[in-house]
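Geometric and topological summary
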Amino acid sequence: MSRLLSRVRVFALAAAALAGMGLVGAPSAQAQVESGNWISYSPSYTVQQRGCGVANGLTFQLTCSTASGDQRAERRYANYSGSAARQFEGTFRVSSLAGTRISLKQTFNDSEPGPYYMLAVERGGRLYAVEGGATIATGATVGTSVRVNTVHRIGNNHKTYINGSLKYTVSSPGGNFYDKFGAYRTSSGQGPATVVWSGIKFWHL
């Protein structure tokens, strides 16, 4: 009996150690993707709530099923420009989704106002690029935590990593840009939806 208890204890300690290394459970909260001397910074932001959008800290809700109009709850970060690469990291969890096609993370081109890049989720867990509709990943189902990193080199490309793996690359024009995240009804989407973000970080080279 004592041997059995010892083995159980060893397995429990091993599982705890693996969890501590980010190898068990939710996606790792480790630092940035891609090599380089990334420098952490903290850009300012404003909170946007329109239509039935409600933002409470890092919880963003669309409380209605309205399929028209401006329905959003988001953080809008300060503009950036220049040749230095920029990286965003955050983990989202869709805690409820009675609607579908909700934008989660956006990169805007402020020089040509509009959403240059939008990462959205459909009911069922498909992550896709709103512009063009390409599938980026699957499995972002209700209750699942997903880590997102975007690496943007202005005038070169914009990359999306899901749980540390490169999933999508699109070319980038020049200009001034900014990041947004939260919950936003796409032109073909609707709520209700609740999205909880955590672990928000920014870096530049």
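Read on for an overview of the structure. (Residues numbered from 1 in each chain as written. Predicted model: local features only at pLDDT ≥ 70, side-chain atom pairs only at ≥ 80, totals over all residues. Heavy atoms only, no water.)

Describing the pattern of salt bridges
Side chains carrying opposite charge are able to pair once their charged atoms draw close together. Stated formally: Counted as salt bridges are all cases of a side-chain nitrogen of Lys or Arg within 4 Å of a carboxyl oxygen of Asp or Glu. Remark: exposure states derive from per-residue accessible area (1.4 Å probe, protein chains only) relative to the maximum for the residue type, with buried under 20%, exposed over 50%, and partly exposed in between.
Applying the stated criterion across every chain, the model contains eleven salt bridges. Among the salt bridges present, the one from Glu 74 reaches Arg 72, with a minimum N-O distance of 3.4 Å. The exposure class assigned to Glu 74 is buried, which follows from its relative accessible area of 0%. On the basis of relative accessibility, which here comes to 9%, the residue Arg 72 falls in the buried class. Here Arg 126 ties to Glu 122 by a salt bridge, and the two come within 3.0 Å at their closest N and O atoms. Its relative accessible area of 21% is what places Arg 126 among the partly exposed residues. Through salt bridges with shared partners, a single network forms among Arg 50, Asp 70, Arg 72, Glu 74 and Lys 180.

Here's the deal with the side chain of Arg 72
Rules: Each helix corresponds to a stretch of at least 4 residues labelled H or I by DSSP, and each strand to a stretch of at least 2 residues labelled E; elements are numbered beginning at the N terminus. Any pair of N or O atoms that falls within 3.5 Å is considered a polar contact. Within protein, one atom must be able to donate a hydrogen and the other to accept it, and sequence-neighbouring residues count only if both atoms are side-chain atoms.
Mapped onto the elements, Arg 72 comes out in strand E5 (residues 72-77). A distance of 3.3 Å separates the side chain of Arg 72 from the side chain of Gln 48, its partner in a polar contact. At a separation of 2.8 Å, a polar atom in the side chain of Arg 72 contacts the side chain of Asp 70.

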